[in-house]
Amino acid sequence: MRLFVTGSRGQLGRALQRTAAAGGHEYIGRDLPELDITDATAVRDAVAEARPDAVINCAAYTAVDAAEADEARALAVNGGAVAGLAAVADEAGALLVQISTDFVFDGASKRPYREDDPPHPLSAYGRTKLAGERGAELARRHLIVRTAWLFGDGANFVEAIHRQLDAGASELRVVGDQRGCPTYAVDLAGALLRLLEAGASGVVHVVNQGQASWFEFAVEIVRQLGAAAEVVPISTADAARPAPRPAYSVLDASRFRGIVGADLPPWQDALARRLAAEERANNVDGCPVD
Ligand SMILES: NC(=O)c1ccc[n+]([C@@H]2O[C@H](COP(=O)([O-])OP(=O)(O)OC[C@H]3O[C@@H](n4cnc5c(N)ncnc54)[C@H](OP(=O)(O)O)[C@@H]3O)[C@@H](O)[C@H]2O)c1
């Protein structure tokens, strides 16, 4: 398959590049500054030139807290631009794949969220991503993949904890009253390709197996790194972040399992692979040069 990927230098875009190549797919990636998805003409030209089977939109305004004070810009990227991509995908006869988020839910559920549960975002980011889902639904052929708590190459929770440990932190204060599904960008990329190969459409939840609070996630990162730091749970109120977040945004991935016939691995296993990949990269960087 020929894949046209926007936001190609983000966590998921980069993971998709490697995974697509390994799976024998052609990957055409674009990101800022060469392609801004809010520039409808540039997007139309780039997609027309690429003639893809699928347009995979990994581009997004992902700064959840900053979006509270910048909702118009976040909406242009996460909402308006996606409706534009839907039109362009239709013109190219391509499937549109839109990546969405657990933050479209309000966290009031007592069981994992299914695809047809009513969304009710609490934050500006969540509202703009829901607008993106509505935009993607305008495409004749669309697949909306909701994922959560992504970690890959780039700015993410694993990297943030690692950075604090490297700086010598002996105590980490981490929110303990929000639960979700940590998900490895590499596993999500593989899952996307399997969904494409299976001809999936509509909304599908894709997360690594299991669930955790941010506190439990941090404890596991510290444990796997063999670090000595103490992790202390704090409340959402204590963290005082600008954007409200769902207290519970665990996604039910049984539709994904039904389509591809397997679950993604547990998030702890995914974390171990992520940390091992980083270790390998550091070893290569540290090799003496002749
Ligand atoms: N990260 C998470 O925890 C998480 C959780 C659930 C869902 N998601 C969704 O998963 C998808 C991938 O997330 P990610 O973590 O890979 O995001 P990311 O690492 O922040 O990557 C997003 C990429 O999009 C680019 N971008 C931003 N505005 C753009 C524009 N106007 N035109 C073109 N490119 C633009 C960014 O460039 P700059 O870096 O230069 O801005 C960046 O390279 C997004 O749809 C996100 O909403 C993420």
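Residues numbered from 1 in each chain as written. Predicted model: local features only at pLDDT ≥ 70, side-chain atom pairs only at ≥ 80, totals over all residues. Heavy atoms only, no water.

**Some words on the sheet that holds strand β5 (residues 142–147)**
To be explicit about the condition: Being paired, for any two strands, means DSSP has found at least two bridges between them. Think of it this way: any DSSP run of H or I at least four residues long counts as a helix, any run of E at least two long counts as a strand, and we number them from the N terminus. Whenever a helix is involved, its axis is fitted only over the stretch in contact; in every case the axis is a line through C-alpha atoms, and angles between N-to-C directions fall within 0 to 180 degrees. Contacts are assigned to residue pairs that have any heavy atoms within 4.5 Å of one another.
Spatially, 6 strands are ordered β2-β1-β3-β4-β5-β10 in an open sheet, and the strand pairing comes out parallel. The open sheet has two edge strands with one neighbour each: β2 (26–30) and β10 (202–205). Averaged over all pairs of adjacent strands, the angle between their axes in this sheet comes to 20°, without regard to strand direction. In the sheet, strand β4 (residues 95–101) pairs with β5 via 6 bridges, with the strands oriented parallel. Its bridge partner lying in β5, Ile 99 is registered against Val 145. Of the strands in this sheet, β1 (2–6), β2 and β3 (54–57) are in contact with helix α2 (residues 40–50), which crosses β1 at around 160°. Docked against the sheet, helix α4 (residues 124–136) engages β4 and β5, running at close to 160° with respect to β4.

**What to know about the nonpolar core**
Basically, it comes down to this: What we call a nonpolar core is a set of buried Ala, Val, Leu, Ile, Met, Phe, Trp, Tyr and Cys residues that are connected through their side-chain atoms within 4.5 Å. Only protein chains enter the calculation, and the probe is 1.4 Å; a residue is then buried if its accessible area is under 20% of its type maximum, exposed if over 50%, and partly exposed in between.
One finds Leu 96, Ile 161 and Phe 217 to be the most contacted residues of the largest nonpolar core, which totals 65 residues. The set of elements that each furnish at least two residues to this core consists of α2, α3 (71–92), α4, α5 (157–166), β7 (171–175), α7 (214–225), β12 (230–234) and α10 (267–285). The leading source of residues in this core is α3, at 8 residues. Not counting the four nearest positions on each side in its chain, Ile 161 is found in contact with Leu 172, Val 174, Ala 218, Ile 221 and Val 222.

**What about helix α6 (residues 185–197)?**
We count it as follows: Take the number of residues in a helix, subtract one, and multiply by 1.5 Å to get its expected span.
The end-to-end C-alpha distance of α6, which contains 13 residues, comes to 18 Å, matching closely the 18 Å that a straight helix rising 1.5 Å per residue would cover. Buried within α6 we find Ala 185, Asp 187, Leu 188, Ala 189, Ala 191, Leu 192, Leu 193, Leu 195 and Leu 196. One or two residues past the end of α6 sits Gly 199, with phi positive at roughly 70°.

**Details of the pattern of salt bridges**
Should the charged atoms of two oppositely charged side chains come close, the side chains can pair. The condition is simple: In the sections that follow, a salt bridge refers to a side-chain nitrogen of Lys or Arg positioned within 4 Å of a carboxyl oxygen of Asp or Glu.
Following the criterion strictly, the structure yields 20 salt bridges and no others. Between Glu 91 and Arg 44 there is a salt bridge, with its nearest N and O atoms 2.8 Å apart. Note that Glu 91 is positioned in helix α3 and Arg 44 in helix α2, a separation of 47 residues in sequence. The exposure class assigned to Glu 91 is exposed, which follows from its relative accessible area of 54%.

**Digging into the site of the ligand**
Filter applied, for reference: A single heavy atom is enough: if one lies within 4 Å of a molecule or strand, its residue is considered near that molecule or strand. N or O atoms within 3.5 Å of each other form a polar contact, as long as, within protein, one can give a hydrogen and the other can take it, and as long as residues adjacent in sequence are counted only when both atoms are side-chain atoms. Calculation of accessible area relied on Shrake-Rupley with a 1.4 Å probe; when residues are assessed, cover is drawn exclusively from the protein chains displayed. Following the grouping adopted for this structure description, the nonpolar residues are Ala, Val, Leu, Ile, Met, Phe, Trp, Tyr, Cys and Pro, the charged ones are Asp, Glu, Lys and Arg, and the polar ones are all others, Gly among them.
Residues in close proximity to the ligand total 25 residues, the closest being Leu 12, Asp 31, Thr 62, Tyr 125 and Lys 129. Separating a nitrogen atom of the ligand from a side-chain N or O atom of Asp 36 is a distance of 2.9 Å. Leu 150 is positioned with one of its backbone polar atoms (N or O) 3.0 Å from an oxygen atom of the ligand. Computed on the free molecule, the ligand has an accessible area of 890 Å², of which 78% lies beneath the protein chains in the complex. Of all the secondary structure elements, the ones that give two or more residues to the shell around the ligand are α1 (11–22), α3, β4 and α4. The element that contributes the greatest number of residues to the shell around the ligand is β4, accounting for 3 residues. Per-class residue counts for the shell around the ligand are 13 nonpolar, 7 polar and 5 charged.

**Let's talk about the layout of surface pockets**
For clarity, the threshold we go by: Buried and open spaces are told apart on a 1 Å grid over the protein atoms alone, a cavity being a set of points where a 1.4 Å probe fits but cannot get out and a pocket being an open set with protein on both sides within 12 Å along at least five of seven lines. Residues with an atom within 4 Å of a point are the lining residues. Grid points are joined across faces, edges and corners, and a volume is the space filled by probe spheres set on the points.
Roughly 230 Å³ of internal volume is contained in the second largest pocket. Around the second largest pocket, the lining is made up of 15 residues, and of these Arg 18, Asp 153, Ala 277, Glu 278 and Ala 281 lie nearest the centre. When contributions to the lining of the second largest pocket are tallied by element, the ones reaching two or more residues are α1, α6 and α10. With 6 residues, α10 is the single largest residue contributor to the lining of the second largest pocket. Partitioning the lining of the second largest pocket into residue classes produces 6 nonpolar, 3 polar and 6 charged.

**What to know about the confidence of the model for the protein chain**
Rules: pLDDT gives the predictor's per-residue confidence on a scale running from 0 to 100.
Of all residues in the protein chain, 97% have pLDDT values of 70 or greater, and the mean over the chain is 96. Per-element confidence in the protein chain is highest for β5, whose mean pLDDT is 99, and lowest for α10, whose mean pLDDT is 86. Per-residue pLDDT stays below 50 along residues 286–290; that stretch engages in 0 contacts with residues further than four places along the chain or on separate chains.

**As for unusual backbone geometry**
For the bond running from Leu 32 to Pro 33, omega is 0°, close enough to zero to count as cis. Along the polypeptide, Pro 33 turns up in the loop between β2 and α2. Despite not being glycine, Arg 51 has its phi angle at roughly 45°, a positive value. Summarising the element assignment, Arg 51 is placed in the loop between α2 and β3. Relative accessible area serves as the criterion here: at 60%, Arg 51 is assigned to the exposed category. Positive phi values are uncommon outside glycine, yet Trp 149 reaches one of about 40°. Judged by its relative accessible area of 9%, Trp 149 is buried.

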